[in-house]
Amino acid sequence: MTDFKVTPLSEDSFRNAIRESTSPRAVYDMAPGEAYTKFFEGLREGKILGTKCPSCGLVHVPPKVYCQYCYLPLTQWVEVKDEGFVETAVVVYIAAERERLEKPEVVGVIRLEGSGDRYRYPGLMHRICTEPEEVKSSRIMGVKVKARWATERKGSINDIECFEVVSWK
Amino acid sequence: MRPNINVKNRVAVVGAGLTLFRRRLMETPQELSWIAARQALDQAGLDFNDIDCVVSGSAPDAFDGVHMKGEYYVEGVANGKPHVRVFVGGGTGVFVPVAAWWHVASGLCRKVLVLAEEKMSSASRPHPQAVFKHIWDPLVEKPLNPNLIWIFAMEMHRYMYRCGVRKEDIALVSVKNKRNALDHPSAQAAAKITVDDVLNSEMLVYPVNRLDVSPVSDGAGAMVMVSEEWANRLTDNPIWVEGVGFNLDSTNWTNRDLGYPVYLKRAAEMAYRLAGIENPMKEIDVAEPYDPFDYKELHHMEGLGLCPPCKAAEVTKEGLTQRDGDLPTSPSGGLLGVGNPIAAAGIMKAIEIFWQLRGEAGARQVKKDVVTGLAQAWGDLMQVGTVVVMRR
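Each residue is numbered by its place in its chain's sequence as written, counting from 1. As they are written, the chains are lettered A onward and the ligands numbered 1 onward, keeping that order. pLDDT decides what is reported in this predicted model: residues at 70 or higher carry local features, side-chain atom pairs at 80 or more are listed and counted, and totals for whole chains, interfaces and linings draw on all residues regardless.

## Overview of the overall build of chain A
And step 1. Along the backbone of chain A there are 3 helices and 10 strands.
And step 2. Helix and strand definitions follow DSSP, with helices as H or I runs of at least four residues and strands as E runs of at least two, each counted in order from the N terminus. Secondary structure elements of chain A occur, N-terminal to C-terminal, as α-α-β-β-β-β-β-β-β-β-α-β-β.
And step 3. In terms of overall size, chain A is more extended than a compact globule, its C-alpha atoms giving a radius of gyration of 22 Å where 169 residues would be expected to give roughly 15 Å.
And step 4. Taking the principal axes of its C-alpha atoms as reference, chain A extends roughly 65 × 40 × 40 Å.
And step 5. The buried share among the 169 residues of chain A stands at 33%. The atom set for the radius of gyration is the C-alpha atoms, and the globule formula is 2.2 Å times the number of residues raised to the power 0.38. The exposure label follows from counting other C-beta atoms within 10 Å of a residue's C-beta, where the C-beta atoms are placed from the backbone and the thresholds are 20 or more for buried and 12 or fewer for exposed, leaving partly exposed in between.

## Let's talk about the overall build of chain B
And step 1. Within chain B one finds 13 helices and 11 strands.
And step 2. Taking 2.2 N^0.38 as the reference for a compact globule, 392 residues should give roughly 21 Å; the C-alpha atoms of chain B span a radius of gyration of 19 Å, in line with that estimate.
And step 3. Taken along the three principal axes of its C-alpha coordinates, chain B extends 50 × 45 × 40 Å.
And step 4. Expressed as a percentage of the 392 residues in chain B, the buried residues total 65%.
And step 5. Once C-beta atoms are placed from the backbone, any two residues with those atoms within 7 Å are in contact. Within chain B, contacts between residues separated by at least 24 positions form 78% of all contacts whose residues are at least 6 apart in sequence.

## Description of the interface of chain A and chain B
As a measure of interface size, the accessible area lost when the parts come together is often cited.
And step 1. Taken together, the contacts link 47 residues of chain A with 45 residues of chain B.
And step 2. For this classification, the nonpolar set comprises Ala, Val, Leu, Ile, Met, Phe, Trp, Tyr, Cys and Pro, the charged set comprises Asp, Glu, Lys and Arg, and every other residue, Gly included, is treated as polar. Here the side of chain A that touches chain B is built from residues that sort into 31 nonpolar, 10 polar and 6 charged.
And step 3. The pairing of strand β6 (residues 83–94) of chain A with strand β5 (residues 203–206) of chain B spans 2 bridges and is classified as antiparallel. By the bridge assignment for β5 of chain B, V91 of chain A is matched with Y206 of chain B. Two strands are said to pair when DSSP picks up at least two bridges between them.

## Side note on the confidence of the model for chain B
And step 1. For chain B, the average pLDDT comes to 96, and 99% of its residues sit at 70 or higher.
And step 2. Per the prediction output, this complex has pTM 0.96; the corresponding ipTM is 0.94. The quantity called pLDDT is the predictor's confidence in a given residue, expressed from 0 to 100.

## Regarding the nonpolar core
And step 1. Counting 179 residues, the largest nonpolar core has V90 of chain A together with V114, V205, M223, M225, F354 and V388 of chain B as its most contacted members.
And step 2. Here the element with the most residues in this core is helix α13 (residues 342–358) of chain B; it accounts for 12 residues.
And step 3. Excluding residues that lie within four positions of it along the chain, M223 of chain B makes contacts with V13, G15, A16, A40, P97, V114, I347, A350, I351 and F354 of chain B. Buried Ala, Val, Leu, Ile, Met, Phe, Trp, Tyr and Cys residues form a nonpolar core when they are connected through C-beta atoms within 7 Å.

## Remarks on helix α4 (residues 148–163) of chain B
And step 1. Expected helix span is given by 1.5 Å per residue-to-residue step, counting one fewer step than there are residues. Between its first and last C-alpha atoms α4 of chain B spans 23 Å; for 16 residues at 1.5 Å apiece the expected length is 22 Å, and the two agree.
And step 2. Burial analysis of α4 of chain B places 13 of its 16 residues in the buried class, which makes it a mostly covered element.

## Considering the pairing of strand β7 (residues 100–112) of chain A
It is a general feature of regular strands that their side chains alternate between the two faces of the sheet.
Residues and elements named next belong to chain A.
And step 1. Here β6 runs beside β7; their pairing, made up of 9 bridges, is antiparallel. Bridge pairing in β7 places A89 opposite G108.
And step 2. In textbook terms, the turn of a hairpin is the stretch between consecutive antiparallel strands, and for β6 and β7 this stretch comprises 5 residues, one of which, R98, has a positive phi near 65°.

## What about the pairing of strand β1 (residues 11–18) of chain B?
Residue and element names in this part refer to chain B.
And step 1. Counting buried positions along β1 yields 8 of 8 residues, so the element is predominantly enclosed.
And step 2. Two strands pair when backbone bridges link them, and β1 and strand β7 (residues 218–227) are joined in this way by 7 bridges, in the antiparallel orientation. By the bridge assignment for β7, A16 is matched with M223.
And step 3. Judged from the 2 bridges that link them, β1 and strand β8 (residues 239–248) form a sheet pairing that is antiparallel. Bridge pairing in β8 links A12 to W240.

## Focus on the sheet that holds strand β1 (residues 48–52) of chain A
Residues and elements named next belong to chain A.
And step 1. Taken together, 3 strands build an open sheet; the order of strands is β2-β1-β5 and the sheet is antiparallel. Every interior strand has two partners, whereas the edge strands, β2 (59–60) and β5 (76–80), have only one.
And step 2. The pairing of β1 with β2 spans 2 bridges and is antiparallel. For T51, the partnering residue across the bridge sits in β2 and is H60.
And step 3. Against the sheet, helix α2 (residues 33–44) makes contact with β1 and β5, and its axis sits at roughly 145° relative to β1, the strand it touches most. Orientation is described by lines fitted to C-alpha atoms, with helices fitted over the stretch in contact, and by angles between N-to-C directions that extend from 0 to 180 degrees.

## What to know about the sheet that holds strand β10 (residues 372–379) of chain B
All names here are of chain B.
And step 1. The strand order β3-β2-β4-β7-β1-β8-β11-β10-β9 describes an open sheet built from 9 strands, whose pairing is mixed. Here the strands that pair on one side only, and so sit at the sheet edges, are β3 (83–86) and β9 (286–288). For this sheet, the mean inter-axis angle between neighbouring strands, taken without regard to orientation, is 25°.
And step 2. Alignment of β8 against strand β11 (residues 384–391), held across 8 bridges, turns out to be antiparallel. Bridge pairing links V244 to V388 in β11.
And step 3. Across the face of the sheet, helix α1 (residues 29–44) comes into contact with β1, β4 (111–119) and β7 while running at roughly 40° to β7.
And step 4. Here helix α8 (residues 262–275) sits on the sheet in contact with β8, β10 and β11, set at roughly 150° to β8.

## Notes on α8 of chain B
Residue and element names in this part refer to chain B.
And step 1. If you check α8, its first and last C-alpha atoms are 20 Å apart, about what 14 residues at 1.5 Å a residue would give, namely 20 Å.
And step 2. Taken residue by residue, α8 has Y263, L264, A267, A268, A271, Y272, L274 and A275 as its buried positions. With its buried residues spanning 165° around the axis, α8 presents them on a single face.
And step 3. On its buried face, α8 sits against β8, α9 (280–283), α10 (294–303), β10 and β11.
And step 4. Just downstream of α8, G276 is the residue with a positive phi angle, here 70°. Think of it as the arc spanned by the lines of direction from the helix axis to the C-beta atoms.

## Remarks on the environment of G305 of chain B
And step 1. Note that G305 of chain B resides in the loop between α10 and α11 (312–317).
And step 2. When neighbours within four sequence positions are excluded, G305 of chain B is seen to be in contact with A268, P280 and M281 of chain B.

## Some thoughts on the packing of helix α5 (residues 167–180) of chain B against α10 of chain B
Residues and elements named next belong to chain B.
And step 1. Where α5 meets α10, the axes come as close as 7 Å, and the angle between the chain directions of the two elements is 100°. Regarding the angle of α5 to α10, the classification is roughly perpendicular. Across from I170, A171, V173 and S174 in α5, the residues of α10 making contact are D294, Y295, E297 and L298.
And step 2. Considering only residue class, the contact of α5 with α10 consists of 5 nonpolar, 1 polar and 2 charged. Angle categories are assigned with fixed cut-offs, so that under 35 degrees is roughly parallel, over 145 is roughly antiparallel, 65 to 115 is roughly perpendicular, and the rest are oblique.

## Structural notes on the packing of helix α3 (residues 92–105) of chain B against α13 of chain B
All names here are of chain B.
And step 1. Interaxial distance between α3 and α13 falls to 6 Å at its minimum, and their mutual angle equals 60°. It follows from the interaxial angle that α3 and α13 lie oblique. Contact with α3, carried on its side by T92, G93, V94, V96 and P97, involves I342, A343, A344, A345, G346, I347, K349 and A350 of α13 and no other residues of that element.
And step 2. Looking at the contact of α3 with α13 residue by residue, the class counts come to 9 nonpolar, 3 polar and 1 charged.

Given below as structure tokens:
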């Protein structure tokens, strides 16, 4: 099968082999859409807003203008408590470009109160202000948390600084 | 039991080819595609001129930096022929034979070249993982500067918590698959390691350590899939593709329980219905569940119904998933051992089942007699399941 051979390159031979490099420089500016416009306005006021499905009753956070389970338009907006339970949590030592962080952070998914069933629920990914040890022992799982709001808010997911533990189990 | 569907043509795999998987290969995407395709055609006893249609797949364009990558990598293998590229993230590699199946089953094409190619190394700086920065929701997730491994770690921890599974139980999958890969001629990350090696490797995102994860890879794989008439003409050992399944869950992964893959259950049910499988635990002899992370093999075994929910770690610990066990899983060495050139890794799993059912897996051949096998992949934001069931 020598006919079908390919050629592995080491780091050094790769550097010598490079003929062209390109770096695309596209900058994307995102329009927020109907649902997220209201969602971000809510965050600026320190509120978490969702849309409620008239058929299945699920409150969608992040909000949608449609229910993707019932295929229905959603028009009813509701304010959701800025509290919830830790569905899952991890300790991150690396960020988007695999750069190592100086100080590890805890991030996770917060299951917000208000609706949902065993499988589906309103929820957000966010930072959780707690120690890595609480994640590694799994003590943080299922714990009640509450949003810590930034003092200066501009209508962004980062208007929430993190979710803080309200009470340990 | 015969499948409950009106299929015009039964579909068989009659040849397969796979390049080396390596962190970096010198060849271009076109050259990798060309080499894998020729190898598959060679085994099938066919030539490019015999092929009616080409179905291909590859992961995000951003890896190659060519934002029409499908047309780019197939130039040597699809010119003048109907060609379609399919894409469902990491699920792509198994979605390619799924899509090829309906090309043949419908009667539209009789001899299809099935190709998956991936060259991740071109996206070299700062790291190929940086490409995944652009798969998140740009408005509510990306501002948190997430790395892709974050979500898998979140799923892994949720699974551990829900099922009471420990990191050391999960690490057994990495140990098994990397060891299996020692017998695979394409393997990039084959190794004899211990559970402690996994637990002590670099911590990326707790609970994910470096050796819980498959590597970044270049590589390509190809198959030839044909109608029954051609299968019988070309070979005494056709492997029939008897079931295909695919299913999409919500992109909003923060809105569903990550402990159990419902979309995979649905995809598997679709494939089992087509293949007439009523009890997958008894009827699937050998499986290649998708294992970009070690916990995913367990998670996927449960979604596929190969064991009850939360029981996969136990089954693994008992040794049932070893090559000489009752339910050999990832006998190839999987993505953890052979490597993970995304779409090519998925097709590698389908190719392994083809080789296992033909009895051509060499040192990797599982001990038991195998009649029915399954390959599976998973992708996008933890929301897609793709499944093929094959029989000899």
